[in-house]
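Observations on the model geometry
Listed here are the chains, written in short residue letters.
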Amino acid sequence: MRSGNVKLSAFAMQIYRKDKTMPKIDVNEKLFFNLLGTKPDYTDFEKILTSAKAELDELPDEDAAEDERCIKIELNDTNRPDLWSTAGLARLLRIHAGGKSNAPLYESFFSTTEHSQDAEKRIVIVDKSLEKIRPFMTAFVISGKPIDEPMLLDIIQTQEKLCWNFGRKRKSFSMGVYRSDMIQWPVHYTSVDPDAVRFIPLGCENEMTCRQIISEHPKGKEYGWILKDTKRFPLLQDSKNEILSMAPIINSATIGAVKTGDTDLLVELTGNDMISLLVATNIVACDFADAGYKILPVQVQHPYETGFGKTITTPFYFQQTTSTTKQAVNKLLGSDFSVKEITAALERMDCKTKTAGDTVTLIPPAYRNDFLHEVDIIEDVMMGKTVDFFEPEVPHEFTIGRLSPVTALSRKIKTLMIGFGYQEMIFNYLGSKKDFIDRMNIPADRVIEIANPMTENYQFVRPSIIASLLSAEMVSGHAVYPHRIFEIGKIAFLCEEENTGTRTRQSLGFLSASQTANYNEAASLVAGLLYYLDAEYQVQEAADPRFIVGRQASIVHKGETIGIFGEVHPQVLSNWDITIPCFAGELDIEAFL
């Protein structure tokens, strides 16, 4: 069933988190409270949801049949996809209430090596032709009891939430579920000519070619964009050549048509991001295990490297440990916890720990991959103790606020730029590789990449404001010329001189677009701006690929290069679909302090 559907600073991560829509899930009341192990009244239930950063969105309809009552819950942590299911949310609340004694044991079905003797009965062979199309796959089989309707609906919901949000609308990964008793092993994940292969897709009665499915089937129309530029399409079939699915679009109407009463099911995930695949695989496997199913590992044989070996048995445990200290926890939380209290709080979040003196090393559960920094551990300590544990305090010191020097200087520069006829803009600090790197013709060696982004549109921290200004000019062709815009804001880049490995600076970026935009006009703007800032400077020849050779210059202040300006290179303008000449520049404001 394929249903119809570089680490960065805490400050940057906060911006990233706030930008995304919070997921909501519908949980079957009976199934949820069975997994929770208790049925609190809804006043208490609303309170305990805070331990999962969740809120009660809508109560069930009391007039509905007991098996059909639905609770709507909003989740406020987009970094915890393991909570986007009935079993995952119930797991956290159950463990949080009972600590280590309520923690489930998943070790029996998790592999930490390439090979597993049990999994050799169930093998998937990946064809080399998929390396440039949709290269990776993971899988496992569930067994033990029939699927009932509430569980089937929850499987569909979990699949949709994971693949739409975490899987970037199925581009990074998609998930399929199949009737395992109809499959003859080994299964083959291969690529085919989309005009030569035909099968009956789920929801249809007649055969269609893979190409027809993309253009005519509802799911093909919705997700066909993922495969539109590929000459061959991914296909999953067993050793009898029975087709399971055309990933990531649609299942077949035979093996892929899961229904209530089915007992053994194959769960597979395909995609181009192996880490996301493994996390999602672990999440779904743990959810089924909590619901009472036996998890049977599957061995997936890739002909190329996955980052975890060519042959990998999944579910697969790969998470790395992260450490903090008692002093760091207490400083950030304003507490006085002992190491024992810290580890107890982490155990209530289903995290194992090792201690050595005042150092606490966290061993994440298999279904979590959100510990990037010790601050993430400290956050889990807070959630393990519960927010209510911390009593609000009135600040002990009285302070008077004032503008920082960089803010005061920024305001002065804004006034000057407006006086020069420029309009101020405000942009996001995060963006895509396409905008910040590819379109700007620059290398990626100093650009900060987010370690576990939920969307490629917010995957990098901007190293320059000029890309943001060009993005505005790209959609402004209807406005009367000249266009003169600027922004003063933060940029960040990798820097080995800093303890964090990154450096963040306050920067001025400016851009002018018109038929007469040229180097001389840019030089006049820089000269006027620095004159009113009473700053001495020199210009030197530069070789920045964003600008035309011989029509650009670096700005040097007190022996240091602090900026650049010049005529934007025609290739860069073409990358942004801009047809009018532009000059642009950037200046490190903090260099004048």
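Residues numbered from 1 in each chain as written. Predicted model: local features only at pLDDT ≥ 70, side-chain atom pairs only at ≥ 80, totals over all residues. Heavy atoms only, no water.

Some points on the side chain of Asp 380
Put simply, the rule reads: Numbering goes from the N terminus for both helices and strands, where a helix is a DSSP run of H or I of at least four residues and a strand is a run of E of at least two. Using a 1.4 Å probe on the protein chains alone, a residue whose accessible area is under 20% of its type maximum counts as buried, one over 50% counts as exposed, and one in between counts as partly exposed.
For Asp 380, the location among the structural elements is in helix H11 (residues 374-385). A residue is classified by how much of its surface remains accessible, and Asp 380, at 5% relative accessible area, is buried.

A few points about the nonpolar core
Test applied: Here the nonpolar core consists of buried residues drawn from Ala, Val, Leu, Ile, Met, Phe, Trp, Tyr and Cys, with membership extended through side-chain atoms lying within 4.5 Å. Contacts are assigned to residue pairs with any non-hydrogen atoms lying within 4.5 Å of each other.
Counting 96 residues, the largest nonpolar core has Phe 32, Phe 45, Ile 73, Leu 89 and Phe 288 as its most contacted members. If near-sequence neighbours (up to four positions away) are discounted, Leu 89 is found in contact with Ile 25, Phe 32, Leu 49, Ala 52, Ile 73, Leu 75, Asp 82 and Leu 83. Among the nonpolar cores identified, the runner-up in size contains 29 residues, and Ile 485, Ile 491, Val 572 and Ala 584 belong to it.

Focus: the packing of aromatic side chains
Each pair of aromatic rings is reported with the distance of its centres and the angle of its planes. Let me state the cut-off plainly: Each pair of aromatic rings taken from Phe, Tyr and Trp, with Trp reduced to its six-membered ring, is defined by centres within 6.5 Å and is described as stacked if the planes are under 30 degrees apart, edge-to-face if over 60, and tilted in the remaining cases. In this analysis the charged atom, NZ for Lys or CZ for Arg, is taken to sit over a ring once it is within 6 Å of the ring centre and within 35 degrees of the ring normal.
Counted under the stated rule, the structure contains 20 aromatic pairs. Centre to centre, the rings of Phe 288 and Tyr 293 are 5.8 Å apart; their planes meet at 90°, and the pair counts as edge-to-face. Of the two residues examined, Phe 288 and Tyr 293, each falls in the buried class. Taking the centre distance of 5.6 Å and the plane angle of 45° together, the rings of Phe 337 and Phe 389 count as tilted. Note that Phe 337 is positioned in the loop between helix H9 (326-333) and helix H10 (339-347) and Phe 389 in the loop between H11 and helix H12 (405-419), a separation of 52 residues in sequence. When its relative accessible area of 43% is taken as the criterion, Phe 389 is described as partly exposed. The ring of Trp 576 carries the charged tip of Arg 439 above its face, separated from the ring centre by 4.6 Å.

Some points on unusual backbone geometry
Here the residue pair Ala 247 and Pro 248 is connected by a cis peptide bond, since its omega of 0° sits within 30 degrees of zero. Relative to the helices and strands, Pro 248 resides in the loop between strand E11 (243-246) and strand E12 (250-251). Look at the link from Tyr 481 to Pro 482: it is a cis peptide, with omega at 5°. In this structure, Pro 482 sits in the loop between helix H14 (466-474) and strand E22 (483-494). The phi dihedral of Thr 386 is positive, around 80°, even though this residue is not glycine. On the basis of relative accessibility, which here comes to 25%, the residue Thr 386 falls in the partly exposed class.

Let's talk about the UniProt feature "binding site: Mg(2+)" (unreviewed entry) in the chain
Basically, it comes down to this: UniProt positions are given in the numbering used here, feature names are shortened, and annotations may be inferred rather than shown by experiment.
UniProt records the feature "binding site: Mg(2+)" (unreviewed entry) for Asp 370, Asp 376, Glu 379 and Asp 380 in the present numbering. Turning to its location among the elements, Asp 370 is positioned in the loop between strand E18 (359-363) and H11. Accessibility expressed as a relative area gives 11% for Asp 370, which makes it buried. Discounting chain neighbours no more than four positions away, the residues touching Asp 370 are Asn 79, Arg 80, Asp 376 and Asn 452. Turning to its location among the elements, Glu 379 is positioned in helix H11.

Examining the sheet that holds strand E19 (residues 423-424)
Applied cut-off: Strands were regarded as paired on the criterion that DSSP finds at least two bridges between them. Axis definition: a line fitted to C-alpha atoms, over the contacting stretch in the case of helices. Angles run 0 to 180 degrees between N-to-C directions.
Taken together, the seven strands give an open sheet; going across it, the order is E19-E22-E23-E27-E26-E25-E24, and neighbouring strands pair in mixed fashion. Taken across any chain shown, the strands that pair with only one partner, and hence form the sheet edges, are E19 and strand E24 (538-541). Where strand E25 (residues 547-557) and strand E26 (residues 560-568) come together, seven bridges link them in antiparallel fashion. Each residue of the ladder has a partner; that of His 557, found in E26, is Glu 560. Against the sheet, H12 makes contact with E19, E22 and strand E23 (502-513), and its axis sits at roughly 155° relative to E22, the strand it touches most. Across the sheet, helix H15 (residues 519-532) lies against E22, E23, E25, E26 and strand E27 (582-588), angled at about 145° from E26, the strand it touches most.

Overview of the environment of Ala 542
Positionally, Ala 542 belongs in the loop between E24 and E25. A residue is classified by how much of its surface remains accessible, and Ala 542, at 12% relative accessible area, is buried. Here the alpha-carbon distance between Ala 542 and Gly 566, two residues 24 residues apart in the chain, equals 9.4 Å.

Thoughts on the side chain of Thr 322
Considering the arrangement of structural elements, one finds Thr 322 in strand E16 (residues 322-325). Once residues lying within four places of it in the same chain are set aside, the contact partners of Thr 322 are Val 360, Thr 361, Leu 362, Phe 371, His 373, Glu 374 and Ile 377.

Some thoughts on the pairing of strand E10 (residues 233-237)
The element E10 is extensively covered by neighbouring structure, given that five of its five residues are classed as buried. Here E10 shows a buried face lined by Phe 233, Leu 235 and Gln 237 and a second buried face lined by Pro 234 and Leu 236. The pairing of strand E7 (residues 187-192) with E10 spans five bridges and is classified as antiparallel. Bridge pairing links His 188 to Gln 237 in E10. Pairing between E10 and E11: two bridges, direction antiparallel.

A closer look at the UniProt feature "domain: B5" (unreviewed entry) in the chain
According to UniProt, the feature "domain: B5" (unreviewed entry) maps to residues 317-392 in the numbering used here. The distance from the first to the last C-alpha atom of residues 317-392 is 39 Å, and the span holds 38% helix and 18% strand.

A look at H9
Of all the residues in H9, the buried ones are Ala 328, Val 329, Asn 330 and Leu 333. Along its buried surface, H9 packs onto E16, H10 and H11. Following H9 by one or two positions, Gly 334 has its phi on the positive side, about 65°.

Things to note about the confidence of the model for the chain
Atom-level detail of predicted coordinates should not be read off regions where pLDDT is low. Basically, it comes down to this: Confidence of the predictor in every single residue is expressed as pLDDT, which spans 0 to 100.
Confidence in the prediction for the chain averages 89 pLDDT; 94% of positions are at 70 or higher. For residues 3-20, every residue scores under 50 in pLDDT, and the model assigns this stretch 47 contacts once sequence neighbours within four places are set aside.

Some remarks on the domain arrangement of the chain
Defined as follows: How far each domain reaches was decided by an automatic or database domain assignment. Joining two parts hides part of their accessible area as seen by a 1.4 Å probe, and the buried area is that hidden amount summed over both.
Taken domain by domain, the chain consists of domain 1 (21-100), domain 2 (101-318), domain 3 (322-389) and domain 4 (405-592). The centre of domain 1, based on its C-alpha atoms, is set 24 Å off from the matching centre of domain 3. Taken together, the 13 residues of domain 1 in the interface contact twelve residues of domain 3. Surface buried jointly by domain 1 and domain 3 totals about 1,100 Å² across both partners, of which 57% is contributed by carbon and sulfur atoms.

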